[in-house]
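Understanding the architecture of this molecule
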Amino acid sequence: VSQSRKIYFSKIMRDSTSDPVFYQENDPTSEVVADLLPNDGGVITIPDSGNIVYLHQVKNALLVFATNGIWAIQGSEGVGFTATDFSVEKISSIPCQSHLSITSVENVPIFWNSDGIYIVEGSSTGGLSVKDVTKETIQSFYDKIPAGSKRFAKGAYNYLTKEVYWLYSDNPPHP
């Protein structure tokens, strides 16, 4: 997780005995072989993102939750991304205020922000979309929760009962 709008990733590790390294195999200053290899480590910059607060893998994409939206990083092969094959796509302008409220419901992220509870799900076109789950259900109740309480709410999912919970304070801290 980063606050500099950059995602650092390690070289692809083929087994659990490998150490993660965040550089490329070839010397980038070499006049002979300076090429970036697909399994190299590296950095992906998302210049339009606010502060990055959380990363979550969904299917073959890495979701980047930031204070001004959500981005998906993925490769063209449908198996994730590599140092030489990645794209960054903004999937929503809905901000994520805190990593605390994000929880995974059977590998589907769901989170709070100032105006509702949102879930990231697959769309009919095969991409990802963000859906408001409070609008048609508990919006009037949610609107009464103080803003500071929403910012520090902590989410959890109970796999046995298939229920998601958030804990928040009725007396939020002052900003």
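Our subject is the structure that appears above.
Here we summarise the structure given alongside this text. Note that residues are indexed from 1 along each chain, following the sequence as it is written. The predicted nature of this model means local features are confined to residues of pLDDT at least 70 and side-chain atom pairs, given and counted, to a pLDDT of 80 or more, with totals for whole chains, interfaces and linings taken over all residues. Based on all heavy atoms of the structure, the side-chain values leave hydrogens and waters out of the count.

Focus: the overall build of the chain
Secondary structure elements are defined from DSSP: runs of H or I of at least 4 residues count as helices, runs of E of at least 2 residues count as strands, and each element is numbered from the N terminus. Within the chain one finds two helices and 12 strands. Starting at the N terminus, the α and β elements of the chain follow one another as β-β-β-β-β-β-β-β-β-β-α-α-β-β. Across its three principal directions, the C-alpha atoms of the chain cover 65 × 35 × 30 Å. Note on exposure labels: buried denotes an accessible area under 20% of the residue type's maximum, exposed denotes more than 50%, and partly exposed covers the range between, all computed with a 1.4 Å probe on protein chains only. Per-residue burial over the chain gives 35% buried out of 175 residues.

Description of the pattern of salt bridges
We define a salt bridge as a contact between a side-chain nitrogen of Lys or Arg and a carboxyl oxygen of Asp or Glu at a distance within 4 Å. Applying the stated criterion across every chain, the model contains two salt bridges. The salt bridge partner of Glu25 is Lys11, with a shortest N-O separation of 2.2 Å. Separated by 14 residues along the polypeptide, Glu25 in the loop between β1 (6-9) and β2 (42-45) and Lys11 in the loop between β1 and β2 bring together distant segments of the chain. On the basis of relative accessibility, which here comes to 47%, the residue Glu25 falls in the partly exposed class. Note that Lys162 is salt-bridged to Glu106, the shortest N-O span being 3.0 Å.

Considerations on unusual backbone geometry
The phi torsion of most residues other than glycine is negative, and most of the peptide bonds are trans. Positive phi, close to 50 degrees, is recorded for Lys59, a residue that is not glycine. Its place among the elements puts Lys59 in the loop between β3 (52-58) and β4 (61-66). A relative accessible area of 64% places Lys59 in the exposed class. Of note, the phi angle at Asn107 is positive, near 70 degrees, even though the residue is not glycine.

Side note on the nonpolar core
If you look at soluble globular proteins, the nonpolar side chains tend to sit buried side by side. For the purposes of this section, nonpolar cores are sets of buried Ala, Val, Leu, Ile, Met, Phe, Trp, Tyr and Cys residues that join through side-chain atoms within 4.5 Å. With 15 residues, the main nonpolar core has Leu63, Phe65, Ile70, Ile91, Phe111, Val120 and Val130 as its most contacted residues. At the level of secondary structure, the elements contributing two or more residues to this core comprise β3, β4, β5 (69-74) and β9 (117-122). Ranked by residues supplied to this core, first place goes to β4 with three residues. Membership of the second largest hydrophobic core comes to 11 residues, among which are Ile7, Phe9, Ile52 and Trp71.

Considering a nonpolar patch on the surface
A grouping of Tyr8, Phe22 and Val43 is seen on the molecular surface, where their side chains present a nonpolar patch of about 330 Å² in accessible area. Relative to the elements of secondary structure, Phe22 occurs in the loop between β1 and β2. For Phe22, a relative accessible area of 49% gives the class partly exposed. In this analysis, a patch consists of residues with relative accessible area above 30% that form no salt bridge, clustered at 9 Å for like charges and at 5 Å for the nonpolar side chains Val, Leu, Ile, Met, Phe, Trp and Tyr. To be clear on the numbers: accessible area is Shrake-Rupley with a 1.4 Å probe, and residue cover counts the displayed protein chains and nothing else.

A short note on the sheet that holds strand β8 (residues 108-112)
Paired strands, as defined in this entry, are two strands with at least two bridges between them according to DSSP. Reading across the sheet, the four strands line up as β7-β8-β9-β10 and stay open at both edges, with antiparallel pairing between neighbours. Pairing within the sheet leaves two strands with one partner each, and these edge strands are β7 (103-105) and β10 (128-132). Across the sheet, the mean angle from the axis of one strand to that of its neighbour is 30 degrees, orientation sign disregarded. With three bridges connecting them, β7 and β8 associate as antiparallel partners. Counted as the bridge partner of Thr103 is Ile110 from β8. Only the contacting stretch of a helix is used when fitting its axis, a line to C-alpha atoms as for every element, and angles between N-to-C directions run 0 to 180 degrees.

Some remarks on the environment of Lys11
For the pair Lys11 and Asp40, spaced 29 residues apart in sequence, the C-alpha separation works out to 4.5 Å. At 2.2 Å, the side chain of Lys11 and the side chain of Glu25 are in polar contact. In protein, a polar contact requires one atom able to donate a hydrogen and another able to accept it; more generally it is a pair of N or O atoms within 3.5 Å, and residues adjacent in sequence count only if both atoms are side-chain atoms.

Everything listed here is a matter of coordinates, which is why it stays silent on function.
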